[in-house]
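Observations on the three-dimensional arrangement
This is what each chain is made of:
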There are 2 protein chains.
Amino acid sequence: MAKHLQRELEKIKKLILTLGALVEERVHMAIKAIETRDADQAEQIIKLDYEIDEMEVEVEEECLKILALHQPVAVDLRFLTSVIKINNDLERIGDEAVNIAERVKFLAASNHFEFRFDFTEMAEKVENMLKRSLDSLVNLDVDLALKICLLDDEVDDLHNESYGTIEAAIKQHTDQVGHLINLLFISRHFERIADHATNISEEVIYLIEGEIVRHGISKEM
Amino acid sequence: MAKHLQRELEKIKKLILTLGALVEERVHMAIKAIETRDADQAEQIIKLDYEIDEMEVEVEEECLKILALHQPVAVDLRFLTSVIKINNDLERIGDEAVNIAERVKFLAASNHFEFRFDFTEMAEKVENMLKRSLDSLVNLDVDLALKICLLDDEVDDLHNESYGTIEAAIKQHTDQVGHLINLLFISRHFERIADHATNISEEVIYLIEGEIVRHGISKEM
C-alpha cells in the first residue's frame, strides 16, 4: 500500500511538472508575441489555453483520488495540498499569458502605433522567477524558493517604473491612449505572474519547512 | 469518531462563513470609499487586511488538521477540498478590496479632479454576486450557484463599457490621466471580484454535484 502511494505521488509530481513546463512555454510565447506584435501567435496562446485548463482539472482530480484512496498523512498529505495550490497558481499564470495575448492582439491591430515600451527586463525577470520556482519544486530547494520571494520586490519596482513611464506617454500621445492602456495592463499582467511564481515558492517553502510564510506572517525567515 | 468529525466540519463551515462575512464587509467599505473618496476609510481597509490573511491561514490549517486526524472520505473530503479553495478565493477578494482602496487613496489625493465615473451599477452587481455565492454555500443551493455563474457575463459587459467610457475620457482630459487610470483599474478590480465569486459558486456546484464545471468544460449544465 505504502509503495503504491509513493508511485501515485511520483506520478502527480510528473504531472504538475509537465503542467509547469506547458505554462512556461505559454508565457514565453506571450513575451515573444509582445516583441513581434504577432497576432497569430497571440491567437494561438488564447486557443490553446484549454490544454492548461484540462490539465489543471486532471491534476486536481488525481490529488483527490489519492486523498480518498490512500488517506495519506504527514508529509504526503502536505505534498498533495501543496500540489493542489501550485496547480491553481500555474493555471492562473496560464490565464495571465492569455491576458497578455489579448492585449497583443489589440497592439497588433494598430498600424499607426509609434510609442514602444521595452518589456525585456521585466519579461526576463518574470520568466526567470517562474523557471526557478519550478526548479525549487523539482529539487525541493528551500534556499532557491526564498530567493524567488525576494525577486518579487524587483518586479514590483519595475512595474511601478513602467507604470510611470506609460502614464507620462499617455499624456503626450492622446491619439494613442487605447494602445498605451494595453501596455499598462501588460505590465500589470507580468507583475501578477511574478506574484503567482512567488506563491509557488512560498508553497515549496511550506512544503519543506511546514510553516506558512504567506502574507509576510513569518517574514523573519 | 464520526460524530467528532462532523463537529469539526461544522466548525470549519462556521469559520469560512465568518471569513466570508468579513470579506463582504471589506468590499462594502471599498465601495463606500469610492463614493465618498474617503482616504481614511481606504487606509482602514488596507490596514485591516491582515485579519483576512490570518483567518485564511487559520481555515487552511484547520482543514489540514482534520484531513490528517480524521482521514475523511467521499463527501467530507470533497467538502474540505472545496473549503480550501473557497478560502483562497475569499482571501483574494480581500486583496481586491485592498487594491480598490489603494486606488481610492490616489483619487482622494486629487483636488482638481472633475471627471467622475459612476460605479454604482457595477458595485451593486458585484456585491450581490458575492453575497449570493456565500448564500449558495450556506444553503448548498446549486440553482443559486448556477445563476451566479451567469451573472459574471453581465459584470464583464459592464467592465467593457466602463473601459470604453474611461478610455474616451482620458483622450479628452489629458490633465487627469493619472486619476482616470485609477478608475480603469477599479473597474478591473470589480471584474476580478466577480470572477472570484464565480469561482466560489462553481466550487459550490462541484461540492454538490461532484462535477468540475470550471473552464466551461461542463457548460451544458
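No experiment lies behind these values; they were computed from the predicted model shown. (Residues numbered from 1 in each chain as written. Chains lettered and ligands numbered in written order. Predicted model: local features only at pLDDT ≥ 70, side-chain atom pairs only at ≥ 80, totals over all residues. Heavy atoms only, no water.)

1. Quick notes on the relation of the copies chain B and chain A
When chain B is fitted onto chain A, the two copies agree to an RMSD of 0.0 Å after a turn of 180 degrees and an axial shift of 0.0 Å. The superposition operator between the copies reduces to a two-fold rotation axis. For chain B, the minimum C-alpha distance to the rotation axis belongs to Gln71(B) and amounts to 2.8 Å. Most of the interface of chain B is mirrored in chain A, where 100% of its interface residues are also at the interface. (Least-squares fit on C-alpha atoms with pLDDT ≥ 70 in both. Contact = heavy atoms within 4.5 Å.)

2. Considerations on the packing of aromatic side chains
Applying the stated criterion across every chain yields a total of seven aromatic pairs over all chains. Taken together, a centroid distance of 5.9 Å and an interplanar angle of 40 degrees make the contact between Tyr163(A) and Phe185(B) tilted. One end of the pair, Tyr163(A), is in helix 6 (residues 142-172); the other, Phe185(B), is in helix 7 (residues 177-209), on a second chain. Assigned by exposure class, Tyr163(A) and Phe185(B) land together as buried. Between Phe119(B) and Phe190(B), the aromatic rings sit 5.8 Å apart at their centres with planes inclined by 45 degrees, giving tilted as the arrangement. With Phe119(B) in the loop between helix 4 (74-108) and helix 5 (120-138) and Phe190(B) in helix 7, this pair connects stretches of sequence that are 71 residues apart. Through successive ring pairs, a cluster of aromatic residues spans Tyr163(A), Phe185(A), Tyr163(B) and Phe185(B). Across the ring face of Phe185(A), the terminal group of Arg103(A) is positioned such that the distance to the ring centre comes to 4.3 Å. (Phe/Tyr/Trp six-rings, centres within 6.5 Å; stacked < 30°, edge-to-face > 60°. Helix = DSSP H or I, 4+ residues; strand = E, 2+ residues; numbered from the N terminus. Buried < 20%, exposed > 50% of the residue type's maximum accessible area, 1.4 Å probe, protein only. Lys NZ or Arg CZ within 6 Å of the ring centre and 35° of its normal.)

3. Details of the interface of chain B and chain A
Bring the parts together and some accessible area is lost; that lost area is often taken as the interface size. Between chain B and chain A, the residue contacts involve 42 residues of the former and 42 residues of the latter. Both sides of the chain B and chain A interface together cover about 3600 Å² of buried area, and 63% of this is carbon and sulfur. Connecting chain B to chain A are four salt bridges. On inspection of chain B and its partner chain A, the count reaches four residue pairs in polar contact (both at pLDDT 80 or more). Counting only elements with at least two residues in the side of chain B that touches chain A, the list comes to helix 3 (49-70), helix 4, helix 6 (142-172) and helix 7 of chain B. The element contributing the most residues to the side of chain B that touches chain A is helix 7 of chain B, with 12 residues. Split by residue class, the side of chain B that touches chain A holds 16 nonpolar, 11 polar and 15 charged. (Buried area = accessible area lost by both parts, 1.4 Å probe. Salt bridge = Lys/Arg side-chain N within 4 Å of Asp/Glu carboxyl O. Polar contact = N/O pair within 3.5 Å; in protein donor to acceptor, adjacent residues only side chain to side chain. Nonpolar A, V, L, I, M, F, W, Y, C, P; charged D, E, K, R; others polar.)

4. Concerning the pattern of salt bridges
It is possible for side chains of opposite charge to pair when their charged atoms get near one another. Evaluation of the coordinates by the stated rule reveals 26 salt bridges over all chains. Linking Glu60(A) and Lys85(B) is a salt bridge whose minimum nitrogen-to-oxygen distance equals 2.2 Å. Taken together, the positions of Glu60(A) in helix 3 (residues 49-70) and Lys85(B) in helix 4 put the pair across two chains. In this structure Lys85(B) comes out as buried when scored by relative accessible area, which is 13%. Put simply, Arg26(B) and Glu51(B) hold a salt bridge, and the shortest N to O gap is 2.6 Å. One end of the pair, Arg26(B), is in helix 1 (residues 2-36); the other, Glu51(B), is in helix 3, with 25 residues separating them in the sequence.

Bear in mind that shape data such as this cannot, by itself, settle questions of function.
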